[in-house]
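Residue strings, one per chain:
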Amino acid sequence: MLRRKSLAIGLRALHSATSVSAKHPKPLHIPVLLEEVLENLNLNDQSMVLDLTFGAGGHSEEVLKRYSKSHVFALDRDEQAFSLAKEMSAKYSQRLTPMLGKFSELHELLQAAGLSYGEINAAIIDPGCSSMQFDEPGRGFSLAYDGPLDMRMDGNRNTNQPTAADVVNHLSEEEIDMILLKYGDERLSKKIARSIVENRPIHTTKALAEAVGNAFSYRSHMIGTDAIGRRRHAATKTFMALRIFVNDEINELHSGITTVGRYLSDKGRLAIITFHPNEDRLVKQALNVKDFVKLPTCENSETKTLGRNAIWTNLHKGVILPCKAEIQNNTRARSAKLRVAVKNMTTDANVKS
């Protein structure tokens, strides 16, 4: 049966979003902007690092290699990534603590690991879909393979979570239009949503790509170009929008940044790599957020606003972009933007909210 309740929750989230294995002969994942991330995190041999998006462990392993007494707390919502994290932990003498869960579950997982606020020196967030998820046809993330239209980053960990097939087959045309426009910045969202509804039922990635292609007046499904001049498939933004919606990625990212702010030490650094304008907008807002500091007045126990206190200081005025050589070597890097922020001195507003 359709998990309509979960879909409804996802639509409400849409409105609120703005305020190494034998099966893989090639590398599971090439970490994006690796040198830039490590250079800006100001790490040392004693650093305690939080990797919120472990994936295949590219960033985490470099930390463990370069800083001999460092410790990494590695989070991922994907069970395959969690298994890889456990293998890496054994490889590096338990200097990595694997954690299975979403950003919104991070606080409980860190508490279970024995950490208190202010104990982490640096954090890395590389949101979105990992290369090994894209390269597995059965996960349903990629246009390059035909497979079931799933797109759940958690896999089967949460059986009540709707799949992308649930979304395209059971939501209304208007709801699908809103998802494509909001999460994919798809200017042809109305036409694509109509074509999806007209071509239902849709259960595979190939069927969805064809339904999207039918919304265009010309035969070629390849439109536009990416950062290195390659033709882009017409369904690229649709796939991205559905993936973001299914996994509630924007709200999860906000939750992750908030939790990191509490566990980072004073002057601790946060590096966030984004791949989509919605992600980058949210990160910009989060890193410029200011809390009101409230204390009791002398006359009574009511609180009084004394001023503003910024939680973060951005290390750079703008974003750090990958060089052309990295994009050519790793096409996933083509839309990457790195922002780095430093946590300011702790206040009650920082840690008690």
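Refer to the preceding data block for the structure.
Predicted, not measured: the structure shown is a model, and the values here were computed from it.

Participant: Any chance you could explain unusual backbone geometry here in plain terms?
Facilitator: For residues besides glycine, phi is generally negative; the peptide bonds are generally trans as well. Cis geometry is found at the peptide bond from Arg200 to Pro201, where omega equals 5°. Relative to the elements of secondary structure, Pro201 occurs in the loop between α9 (189-198) and α10 (205-213). The backbone of Leu33 shows a phi angle near 50°, a positive value even though the residue is not glycine. Along the chain, Leu33 turns up in the loop between α1 (4-16) and α2 (34-41). Given the relative accessible area of 0%, Leu33 is considered buried. Unusually for a residue other than glycine, Gln94 sits at a positive phi of about 65°.

Participant: What am I meant to see in the pattern of salt bridges here?
Facilitator: Close approach of charged atoms lets side chains of opposite charge pair. In the structure shown here, the tally under the stated rule is 15 salt bridges. Here Glu35 and Arg66 are joined by a salt bridge, their closest N and O atoms 2.6 Å apart. Of the two residues, Glu35 is situated in helix α2 and Arg66 in helix α3 (residues 58-66); the sequence distance between them amounts to 31 residues. With relative accessibility at 43%, the residue Glu35 sits in the partly exposed group. Asp154 is the partner of Arg77 in a salt bridge, and the nearest nitrogen-oxygen pair spans 2.5 Å. Pair noted here: Arg77 is in the loop between β2 (71-76) and α4 (79-91) and Asp154 is in the loop between α6 (131-134) and α7 (164-170), with a separation of 77 residues, a long-range link. Of the two residues examined, Arg77 and Asp154, each falls in the buried class.

Participant: Please clarify how the packing of aromatic side chains should be interpreted in this entry.
Facilitator: Each aromatic ring pair is summarised here by two numbers: the centre-to-centre distance and the angle between the ring planes. Enumeration over the complete set of coordinates arrives at two aromatic pairs. Ring centres 4.9 Å apart and planes at 85° place the aromatic pair Tyr117 and Tyr263 in the edge-to-face group. Of this pair, Tyr117 sits in the loop between α5 (106-112) and β4 (120-125) while Tyr263 sits in helix α12 (residues 249-263), and the two are 146 residues apart along the sequence.

Participant: How should the sheet that holds strand β11 (residues 337-343) be read in this particular structure?
Facilitator: Within a sheet, neighbouring strands are paired by backbone hydrogen bonds and run either parallel or antiparallel to one another. Pairing within the open sheet is mixed, and its seven strands lie in the order β3-β2-β1-β4-β7-β11-β10. The outermost strands of the open sheet, each flanked by one partner alone, are β3 (96-100) and β10 (312-314). When strand polarity is set aside, the average angle formed by the axes of neighbouring strands in this sheet is 20°. Two strands pair when backbone bridges link them, and strand β7 (residues 264-274) and β11 are joined in this way by six bridges, in the antiparallel orientation.

Participant: Before we go on, may I ask you to explain the packing of helix α8 (residues 173-184) against α9 in this structure?
Facilitator: Packed helix pairs are specified by the crossing angle of their axes together with the interaxial distance, meaning the distance between the axes. Contact geometry of α8 with α9 gives a least axis separation of 8 Å together with a crossing angle of 135°. By the angle between their directions, the pair α8 and α9 is classed as oblique. Where α8 crosses over α9, the handedness of that crossing is right-handed. On the side of α8, the interface is formed by Glu173, Ile176, Asp177, Leu180 and Leu181, while α9 contributes Ser189, Lys190, Ile192, Ala193, Arg194, Ile196 and Val197.

Participant: Would you explain the nonpolar core in this entry?
Facilitator: Inside soluble globular proteins, nonpolar side chains tend to come together where they are buried. Membership of the largest hydrophobic core comes to 60 residues, with the highest contact counts inside it found for Leu50, Leu52, Ile125, Leu208, Ile257, Val260 and Leu270. In terms of residue count, the dominant contributor to this core is helix α11 (residues 236-246) (seven residues). Filtering out sequence-adjacent residues up to four positions away, Val260 remains in contact with Leu50, Leu52, Ala123, Ile125, Leu270 and Trp312.

Participant: What is the right way to look at α11 in this model?
Facilitator: Helical periodicity: at 3.6 residues per turn, an α-helix aligns residues three or four positions apart in one direction. Most of α11 is tucked away, with nine of its 11 residues classed as buried. Buried within α11 we find Thr238, Phe239, Met240, Ala241, Leu242, Arg243, Ile244, Phe245 and Val246. Asp248 sits one or two residues past α11 and shows a positive phi near 50°.

Parameters and conventions
Residues numbered from 1 in each chain as written. Predicted model: local features only at pLDDT ≥ 70, side-chain atom pairs only at ≥ 80, totals over all residues. Heavy atoms only, no water. Helix = DSSP H or I, 4+ residues; strand = E, 2+ residues; numbered from the N terminus. Buried < 20%, exposed > 50% of the residue type's maximum accessible area, 1.4 Å probe, protein only. Salt bridge = Lys/Arg side-chain N within 4 Å of Asp/Glu carboxyl O. Phe/Tyr/Trp six-rings, centres within 6.5 Å; stacked < 30°, edge-to-face > 60°. Pairing = 2+ DSSP bridges. Axes fitted to C-alpha atoms, helices over the stretch in contact; angles between N-to-C directions. Parallel < 35°, antiparallel > 145°, perpendicular 65-115°, else oblique. Left-handed = near helix turned anticlockwise from the far one by under 90°. Contact = heavy atoms within 4.5 Å. Core = buried A, V, L, I, M, F, W, Y, C linked by side-chain atoms within 4.5 Å.

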